[in-house]
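Here is what each chain is made of, one letter per residue.
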Amino acid sequence: MSNVMIEIEGVQRLHATDDLPLSIGGASCHVALPDLDDDGPIAYLGLDRGEAFIQPAEMPAASASVTCNGVPLTASRWLRDRDEIGIGRHRLHYEITGDISRLSLVQTSSASGPD
């Protein structure tokens, strides 16, 4: 992998692997997800020996769990083509095409439950 394409709400940004790790979460992160209560990172997208991984932040927002293919994460996990990453109520799709990895926001669930 030599580049990572991030696509959030139709906006694409290309990052070189030298830019990794990328923080994923609120407005202050490299990958800012819409409508999060917390500004800080919830997870990180990193690279080790040419392989991408997702890692939950040490102190993520209490309401924003991190999952990979529906399994809650408490530690780093290697990413594979077509993995689905859940961050809070957001779903992101990870795809590898040649030497470009793509992370795209594919779904944001509406808030549910009583106030």
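As a starting point, this report considers the structure included with it.

Each value, and the rule that gives it
- Residues numbered from 1 in each chain as written.
- Predicted model: local features only at pLDDT ≥ 70, side-chain atom pairs only at ≥ 80, totals over all residues.
- Heavy atoms only, no water.
- Helix = DSSP H or I, 4+ residues; strand = E, 2+ residues; numbered from the N terminus.
- Buried < 20%, exposed > 50% of the residue type's maximum accessible area, 1.4 Å probe, protein only.
- Contact = heavy atoms within 4.5 Å.
- Pairing = 2+ DSSP bridges.
- Salt bridge = Lys/Arg side-chain N within 4 Å of Asp/Glu carboxyl O.
- Phe/Tyr/Trp six-rings, centres within 6.5 Å; stacked < 30°, edge-to-face > 60°.

## Here we look at the overall build of the protein
Right, so step 1: For the protein, the helix and strand inventory stands at zero helices and 12 strands.
Right, so step 2: Start at the N end of the protein and walk to the C end: the helices and strands fall as β-β-β-β-β-β-β-β-β-β-β-β.
Right, so step 3: The buried share among the 115 residues of the protein stands at 38%.
Right, so step 4: Here the analysis covers contacts within the protein between residues at least 6 apart in sequence; of these, 31% occur between residues at least 24 apart.

## Quick look at the pairing of strand β1 (residues 3–8)
Right, so step 1: Here six bridges tie β1 to strand β2 (residues 11–16), and the two strands are oriented antiparallel to one another. In the sheet register, V4 faces β2, and the bridge partner there is H15.
Right, so step 2: Here β1 folds back onto β2 in antiparallel fashion, the turn holding two residues, of which E9 has a positive phi close to 50 degrees.
Right, so step 3: Pairing analysis gives five bridges linking β1 to strand β12 (residues 100–108), with the strands arranged parallel. Among the inter-strand pairings, N3 is bridged to a residue of β12, identified as I100.

## Section: the pattern of salt bridges
Right, so step 1: A full pass over the atoms with the stated rule returns four salt bridges.
Right, so step 2: E7 is the salt-bridge partner of R102, the closest N and O atoms lying 3.3 Å from each other. With R102 in strand β12 and E7 in strand β1, this residue pair connects regions lying 95 residues apart in the sequence.
Right, so step 3: A relative accessible area of 24% places E7 in the partly exposed class.
Right, so step 4: When the shortest N-O distance is used, the salt bridge between R77 and D83 registers 3.0 Å.

## Section: the sheet that holds strand β5 (residues 41–48)
Right, so step 1: The mixed open sheet is built from five strands, whose spatial order is β4-β3-β5-β6-β9. Taken across any chain shown, the strands that pair with only one partner, and hence form the sheet edges, are β4 (31–32) and β9 (77–78).
Right, so step 2: Pairing of strand β3 (residues 22–25) with β4, which is carried by two bridges, proceeds in the parallel orientation. Paired with G25 across the strands is A32, a residue of β4.

## Focus: the packing of aromatic side chains
The relation between two aromatic rings is expressed through the spacing of the ring centres and the mutual angle of the planes.
Right, so step 1: Per the counting criterion, the structure on display carries one aromatic pair.
Right, so step 2: Note on F53 and W78: the rings are 6.1 Å apart at their centroids and 90 degrees apart in plane angle, and the pair reads as edge-to-face. In this pair, F53 sits in strand β6 (residues 51–56) while W78 sits in strand β9, placing the two residues 25 residues apart along the sequence.

Honestly, that's just the spatial picture; any functional story needs more than this.
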